[in-house]
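Residue strings, one per chain:
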Amino acid sequence: MQVINSVTEMRKVANKLKKQSQILGFVPTMGYLHKGHLSLLARSVKDCDISVVSIYVNPIQFGPKEDLKKYPRDIKRDIKLCKEQGADYVFIPTDEQLYPKGYMTYVEVKGLSDGLCGKSRPGHFKGVTTIVNKLFNIVSPDIAYFGQKDAQQALVIKKMVKDLHMSLKIKILPIIRESDGLAMSSRNVYLAPKQCKDAVLLYQALKKARQLIIQKQRDSEKIISQMKRLLSQSEFATIDYIAIVDADNLEKIKQLKAKTKVLIAIAVYIGQVRLIDNIIVKVD
Ligand code: AMP
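Residues numbered from 1 in each chain as written. Predicted model: local features only at pLDDT ≥ 70, side-chain atom pairs only at ≥ 80, totals over all residues. Heavy atoms only, no water.

Visitor: How do you make sense of the overall build of the chain when you look at a structure like this?
Guide: Per the secondary structure count, the chain includes 10 helices and nine strands. Scaling as 2.2 N^0.38, a compact globule of 284 residues should have a C-alpha radius of gyration of about 19 Å, and the chain matches this with 19 Å. Taking contacts inside the chain between residues at least 6 apart in sequence as the whole, the part at least 24 apart equals 73%. Accessible surface for the chain amounts to roughly 14,600 Å². Of this, 51% is attributable to carbon and sulfur atoms. Within the chain, one finds 47 positive and 28 negative side-chain charges whose respective centroids are separated by 2 Å. (Helix = DSSP H or I, 4+ residues; strand = E, 2+ residues; numbered from the N terminus. Rg over C-alpha atoms; globule rule 2.2 N^0.38 Å. Contact = heavy atoms within 4.5 Å. Areas by Shrake-Rupley, 256 points an atom, 1.4 Å probe, with all protein chains shown as cover. Lys, Arg positive; Asp, Glu negative; His and termini not counted. Charge placed at Lys NZ, Arg CZ, Asp CG, Glu CD.)

If you want it as structure tokens, here you go:
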């Protein structure tokens, strides 16, 4: 496995691999890798000839009051994990290369980026689509892998790829969870031990919603209020949003209809730590 720090070198390697008709799989990450990230890499290794992981904490997707500075990092451990999981290249670019002085260009998916996390984190998805676009241009993957954990991000990126006629495939893989149900996240490391059991309430609230839908509850407000009740048990939890939306276009659903697919998405602060989770439910 080779570690690449330079954009020029990464492009050179990617061009060479393309000429050899190698199928290139790509897993973009912000590092501090866990089993969620590694599940994407494992799939890339299985599907593709060559797998590239990028590790880059993208400053432009963080708001001014967010956790950019203290975002967890452990490059040495990440490199070791990538190697063990079968990556061929780890691309670790620098801010100076990606956003040199005078940088001006941004990519934005309007509409889909505006609700849910986009509402609480203005500019976040513009930062995501810009960096993902840049990384796609540098790495030239045939297939890029993303997690359902960031459900809105997955839809926004798919839309960008479609709208900009990009020729790669996007694959979205399931959420990997801890044994207690907590969705794995690099940010879980911020949780104090006494907050961990409250963090599990996000998934419990989602499961509660699914159970209510199975029991034929069709009123989103009623489902959301039950979820809120469950979360109110926690002394640490502050709800950012709970939303029941169309799983394909993120439009709000008031009354659930038969044969539709709904995304139930939740963002909750446990103390200072903002956690997100979601499930997709098919309504009978
Ligand atoms: P991040 O490093 O948080 O930007 O995540 C990089 C990629 O890993 C994104 O596509 C995420 O959706 C995905 N990811 C993060 N956590 C999980 C998880 N628990 N299960 C599956 N994929 C995940």
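Text resumes after the structure shown.
Visitor: I keep staring at the packing of helix H1 (residues 7–19) against helix H6 (residues 124–139) and nothing clicks. Help me out?
Guide: The geometry of a pair of packed helices is captured by two quantities: the angle between their axes and the separation between those axes. For the pair H1 and H6, interaxial distance at closest approach is 7 Å and the crossing angle is 55°. With respect to their mutual orientation, H1 and H6 come out oblique. Together, Val 7, Met 10, Arg 11 and Ala 14 of H1 and Asn 137, Ile 138 and Val 139 of H6 make up the contact between the two elements. Tallied by class, residues from the contact of H1 with H6 come to five nonpolar, one polar and one charged. (Axes fitted to C-alpha atoms, helices over the stretch in contact; angles between N-to-C directions. Parallel < 35°, antiparallel > 145°, perpendicular 65-115°, else oblique. Nonpolar A, V, L, I, M, F, W, Y, C, P; charged D, E, K, R; others polar.)

Visitor: Where do I start with the site of the ligand in this structure?
Guide: The ligand sits among 17 residues. The nearest are Met 30, His 37, Asp 150, Ile 176 and Met 184. Here Met 30 contributes a backbone N or O atom positioned 2.9 Å from an oxygen atom of the ligand. Within the backbone of Met 184, one N or O atom sits 2.9 Å away from a nitrogen atom of the ligand. Protein contact buries 93% of the 490 Å² of open area that the ligand shows by itself. Tallying contributions element by element places helix H2 (residues 35–47) first for the shell around the ligand, with three residues. (Near = heavy atom within 4 Å. Polar contact = N/O pair within 3.5 Å; in protein donor to acceptor, adjacent residues only side chain to side chain.)

Visitor: Just checking my understanding: could you explain the pattern of salt bridges for this structure?
Guide: Charged atoms that come close allow side chains of opposite charge to pair. Under the definition given, this model contains 12 salt bridges. Residues Arg 43 and Asp 47 are paired through a salt bridge, measuring 3.3 Å at the closest nitrogen-oxygen approach. With Arg 43 and Asp 47 both in helix H2, this residue pair falls four residues apart, about one helical turn. Residue class for Arg 43 comes out partly exposed when judged on its relative accessible area of 30%. The class for Asp 47 is partly exposed, based on a relative accessible area of 29%. As a salt-bridge pair, Arg 177 and Asp 277 come within 2.8 Å of each other at their nearest N and O atoms. On the criterion of sequence distance, the pair formed by Arg 177 in the loop between strand E6 (169–173) and helix H8 (193–199) and Asp 277 in strand E9 (residues 273–282) is long-range, its members being 100 residues apart. Several salt bridges share partner residues, and in doing so they unite Arg 43, Asp 47 and Lys 171 into one network. (Salt bridge = Lys/Arg side-chain N within 4 Å of Asp/Glu carboxyl O. Buried < 20%, exposed > 50% of the residue type's maximum accessible area, 1.4 Å probe, protein only.)

Visitor: It is not clear to me how the pairing of strand E3 (residues 50–55) should be interpreted in this structure. Could you clarify?
Guide: Two faces, one strand: in a regular strand the side chains alternate between the faces of the sheet. Here E3 lies mainly inside the structure; six of its six residues are buried. In this structure, strand E2 (residues 24–29) lies alongside E3, joined through six bridges in parallel fashion. In the sheet register, Val 27 faces E3, and the bridge partner there is Val 53. Between the parallel elements E2 and E3, the chain passes through H2 in a crossover that is right-handed. When E3 meets strand E4 (residues 89–91), the two strands line up parallel, connected through three bridges. Bridge pairing in E4 places Ser 54 opposite Phe 91. (Pairing = 2+ DSSP bridges. Right-handed = clockwise from strand over helix to strand, strands pointing away.)

Visitor: What am I meant to see in the packing of H6 against helix H7 (residues 151–163) here?
Guide: At a minimum axis distance of 10 Å, the contact between H6 and H7 shows a crossing angle of 55°. Comparing the axis directions of H6 and H7 gives the class oblique. Here H6 runs over H7; the crossing is right-handed. On H7, the residues touching Phe 125, Val 128, Thr 129, Val 132, Asn 133 and Phe 136 of H6 are Gln 152, Gln 153, Val 156, Ile 157, Met 160 and Val 161. Here the residues of the contact of H6 with H7 sort into eight nonpolar, four polar and no charged. (Left-handed = near helix turned anticlockwise from the far one by under 90°.)

Visitor: Help me understand the sheet that holds E2, please; the structure alone is not making it clear to me.
Guide: Backbone hydrogen bonds are what pair the strands of a sheet, in a parallel or an antiparallel way. Taken in spatial order, the six strands of this open sheet run E1-E4-E3-E2-E5-E6, and their pairing is parallel. Both outer strands of the open sheet, strand E1 (2–4) and E6, are each paired with one neighbouring strand and no more. Strand-to-strand twist across the sheet, computed as the mean angle between neighbouring axes with direction ignored, equals 25°. Of the strands in this sheet, E2, E3, E4, strand E5 (143–147) and E6 are in contact with H6, which crosses E2 at around 150°.

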